[in-house]
Amino acid sequence: MNRKPVLRRLQLFLVVVSIIVTLSFASCKQPKVSQSEPYKIIHPEWVYNATIYEVNVRQYTQEGTFKAFENHLQRLKDLGVDIIWFMPIHPIGEVNRKGSLGSYYSVKDYLGVNPEFGNIDDFKSVVTKAHELGMKVIIDWVANHTSHDAVLIKDHSEWYVRDTTGKVVSPFDWTDVAKLDYSKKELREYIINAMKYWVKDINIDGFRCDVAAEVPTDFWNEAKLELDNVKPVFMLAEAAKPELQQFAFDADYDWDFHHRMNQIAKGKENVNNLEKCMLNTIATYPKNTIKMNFVTNHDENSWNGTELERLGEGVKTFAALTFVVPGMPLIYSGQEVGLNKRLKFFERDVIVWKDSLDLTTFYKKLVELKKNSSVLAAGLKGADIERVKSSNDSSIFAFIRKNETEKMFALFNLTSKSQKISLAGEVYIDSYKDYMTGEDKSFSKEDMVELKPWEFHIFIKK
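Bear in mind the structure is a predicted one, so any value in this text is a computation, not a measurement.

Enquirer: Please explain the layout of surface pockets as it appears in this structure.
Expert: The gaps of empty space that remain are located by a probe, the size of a water molecule, rolled over the atoms. Its volume calculated, the largest pocket comes out at about 420 Å³. For the largest pocket, the lining is made up of 19 residues, of which Y105, W174, D299, W303 and F345 are closest to its centre. With 3 residues, helix 13 (residues 298-304) is the single largest residue contributor to the lining of the largest pocket. The residue makeup of the lining of the largest pocket, split by class, is 8 nonpolar, 4 polar and 7 charged.

Enquirer: Before we go on, may I ask you to explain helix 9 (residues 217-230) in this structure?
Expert: In an α-helix, one turn spans 3.6 residues, which is why side chains three or four residues apart end up on the same side. Compared with an ideal rise of 1.5 Å per residue, which puts 14 residues at 20 Å, helix 9 spans 21 Å between its outermost C-alpha atoms and is within 8% of the ideal. Considered for burial, the residues of helix 9 that qualify are T217, F219, W220, N221, A223, K224, L225 and L227. Summarising the contacts, the buried residues of helix 9 are in contact with helix 8 (185-200), strand 6 (206-209), strand 7 (234-237) and helix 10 (244-247).

Enquirer: How do you make sense of the packing of aromatic side chains when you look at a structure like this?
Expert: Any two aromatic rings considered together are summarised by their centre-to-centre distance and by the angle between their planes. Taken as a whole, this structure holds 39 aromatic pairs when the rule is applied. With a centroid separation of 5.5 Å and 75° between ring planes, the pair formed by W141 and F207 is classed as edge-to-face. Of this pair, W141 sits in strand 3 (residues 136-141) while F207 sits in strand 6; the two residues are 66 residues apart in sequence, bridging distant segments of the chain. Per residue, the accessibility class of W141 equals that of F207, and both read buried. A ring pair is formed by Y432 and F443, whose centres lie 6.0 Å apart and whose planes are at 70°; its orientation type is edge-to-face. Of this pair, Y432 sits in strand 15 (residues 431-434) while F443 sits in the loop between strand 16 (440-442) and strand 17 (448-451), and the two are 11 residues apart along the sequence. You'll find Y432 and F443 in the same group, each marked buried. An aromatic cluster of at least three residues, connected via ring pairs, comprises Y53, Y60, F66, F69, F86, Y104, F117, F123, Y197, W198 and W353. For R75, the ring lying beneath its charged end belongs to W353, and the centroid distance is 4.5 Å.

Enquirer: In this structure, what is going on with the packing of helix 11 (residues 255-265) against helix 12 (residues 271-284)? I would like to understand it.
Expert: To describe two helices that pack against each other, one gives the angle between their axes and the distance between the axes. Two elements in contact, helix 11 and helix 12, have axes whose closest approach is 9 Å; the angle formed by their N-to-C orientations is 175°. Comparing the axis directions of helix 11 and helix 12 gives the class roughly antiparallel. Only V271, N273, L274, C277 and M278 of helix 12 make contact with helix 11, whose side of the interface consists of D256, F257, R260, M261 and I264. Here the residues of the contact of helix 11 with helix 12 sort into 7 nonpolar, 1 polar and 2 charged.

Enquirer: Looking at this structure, how should I read the environment of G93?
Expert: Note that G93 resides in the loop between strand 2 (83-86) and helix 6 (120-132). As a C-alpha pair, G93 and D109 span 16 residues in sequence and 8.6 Å in three-dimensional space. Dropping the residues within four chain positions of it, G93 is found in contact with S106, K108, S147 and D149.

Enquirer: Could you clarify how one ought to interpret empty space enclosed by the protein in this entry?
Expert: This model, assessed by the stated rule, comprises 4 cavities of 30 Å³ or more. Empty space within the second largest cavity amounts to approximately 40 Å³. E307, L308, V315, K316, L359, F362 and Y363 are the residues that line the second largest cavity. For the lining of the second largest cavity, the secondary-structure elements that each account for two or more residues are helix 14 (307-311), helix 15 (315-324) and helix 16 (359-372). By residue number, the principal contributor to the lining of the second largest cavity is helix 16, which donates 3 residues. For the lining of the second largest cavity, the class distribution of residues is 5 nonpolar, no polar and 2 charged.

Enquirer: In this structure, what is going on with the confidence of the model for the chain? I would like to understand it.
Expert: Any segment with low pLDDT has predicted coordinates that should not be analysed in fine detail. Looking at the chain, the pLDDT average stands at 92 and 92% of residues meet or exceed 70. Below a pLDDT of 50 lies the segment residues 1-38, which in the model reaches 66 contacts outside its immediate sequence neighbourhood of four places, other chains included.

Enquirer: Hey, could you run me through the environment of P242 in this one?
Expert: Relative to the helices and strands, P242 resides in the loop between strand 7 and helix 10. The class for P242 is partly exposed, based on a relative accessible area of 21%. Sequence-wise, P242 and T289 are 47 residues apart; in three dimensions their C-alpha atoms are separated by 8.6 Å.

Enquirer: Would you mind going over the sheet that holds strand 9 (residues 290-293) with me for this structure?
Expert: Hydrogen bonds between backbone groups are what pair the strands of a sheet, and the pairing can be parallel or antiparallel. With parallel pairing, the 8 strands of this closed barrel are ordered in space as 1-2-3-6-7-8-9-10. On average, each strand axis in the sheet is tilted by 25° relative to the strand beside it, whichever way the strands run. Pairing analysis gives 4 bridges linking strand 1 (residues 52-55) to strand 2, with the strands arranged parallel. Within strand 2, the residue paired with Y53 across the bridge is I84. Relative to the sheet, helix 8 contacts strand 3, strand 6 and strand 7, its axis offset from that of strand 3 by approximately 155°.

How each quantity is defined
- Residues numbered from 1 in each chain as written.
- Predicted model: local features only at pLDDT ≥ 70, side-chain atom pairs only at ≥ 80, totals over all residues.
- Heavy atoms only, no water.
- 1 Å grid on protein atoms, 1.4 Å probe; cavity = no way out; pocket = protein on both sides within 12 Å on 5 of 7 lines; lining within 4 Å.
- Points joined across faces, edges and corners; volume = space filled by probe spheres on them.
- Helix = DSSP H or I, 4+ residues; strand = E, 2+ residues; numbered from the N terminus.
- Nonpolar A, V, L, I, M, F, W, Y, C, P; charged D, E, K, R; others polar.
- Expected span 1.5 Å × (residues − 1).
- Buried < 20%, exposed > 50% of the residue type's maximum accessible area, 1.4 Å probe, protein only.
- Contact = heavy atoms within 4.5 Å.
- Phe/Tyr/Trp six-rings, centres within 6.5 Å; stacked < 30°, edge-to-face > 60°.
- Lys NZ or Arg CZ within 6 Å of the ring centre and 35° of its normal.
- Axes fitted to C-alpha atoms, helices over the stretch in contact; angles between N-to-C directions.
- Parallel < 35°, antiparallel > 145°, perpendicular 65-115°, else oblique.
- pLDDT = per-residue confidence, 0-100.
- Pairing = 2+ DSSP bridges.

As structure tokens, this is what we get:
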């Protein structure tokens, strides 16, 4: 996210906070790379304008296999997807298994593939085909824990956290998994070597790291260094912990923004809470952070409800918002066809690929905008976001993103009521083309703007 003026102008003291935080990061212990230069995150070039797509292999096709999924790669390429993220593809533990098929996140063997999906050659074929189509592939990596019958627990029982009675600890209420002990140097070496295997031998391009904040940050710092020695990788943390972004991870989850969208959709919060969320990111995160923005994912869909359940009539509005605020947008399996079904987590529950809402066209247009817009680039390459004040700031989220060559003016009514508003200042005054409709639109200072419930516009300067 670009962190220069904009939202910081609204609360100047946050600039000071940001500086203090930056200095605090600089004083932290850093992994050694050379005698002169501390290591910093340098994002791969293919990351900045990318849209990430999460694949739930078990539910994706009737067959539930890599081979069957491979037939969807061209469709995803046509959608504009840049990064394909596979939920865990490893064998699943049987001891204390939940449901008949178990959780993807109960990993039995870090070096194997789930026979439910096929074999390693099947997966290699998917990776090769994705690369031929110009897409990158990352896999889910569950470093915090394994299944209770994992290869590691049999061969290295000393690598696990145990309670006072000597029993292996299951984190939280996850009774099907056993927590690893990262005070063990040998464990760290094993996990890093296993990750390197997938990058070097299988040619994947990075990892989405499950509950990354539960694993020591210095481990991730070390892992990132080792992986980048093989090739530059993209690292996504399932976390919201700023220190992870200093040396180890390219991106993390914007949980706060996500939860606030859900609350706004219910009428329990308003637009000003989104601004506070973004100000907090500016104040607490390293400047080159990329936040992943989403309206759904595998956890949200299965446990908290589909995006259509949670966001109701505002679902398209909030989805569009995730593409034009700073960060990287996510599309989950079935989201592009308006899947209104909570997929079972531990059983087969196949996605119905019927686009009754014409959402594929909608998402394709948003992905294309993200891919081709310099102001929407992630991290420091993108433009600042400058809020345009209105006569109803609690309901209307209006903002400008501009650089030397491009200007975007976004106008979102994030309520279920029609709004008639005036806009403050002059930064928005210009002639535009409405990106979604192709219509021309000019703004002057005297204009009143009327917006229907959940209506939004993305204007591009002509």
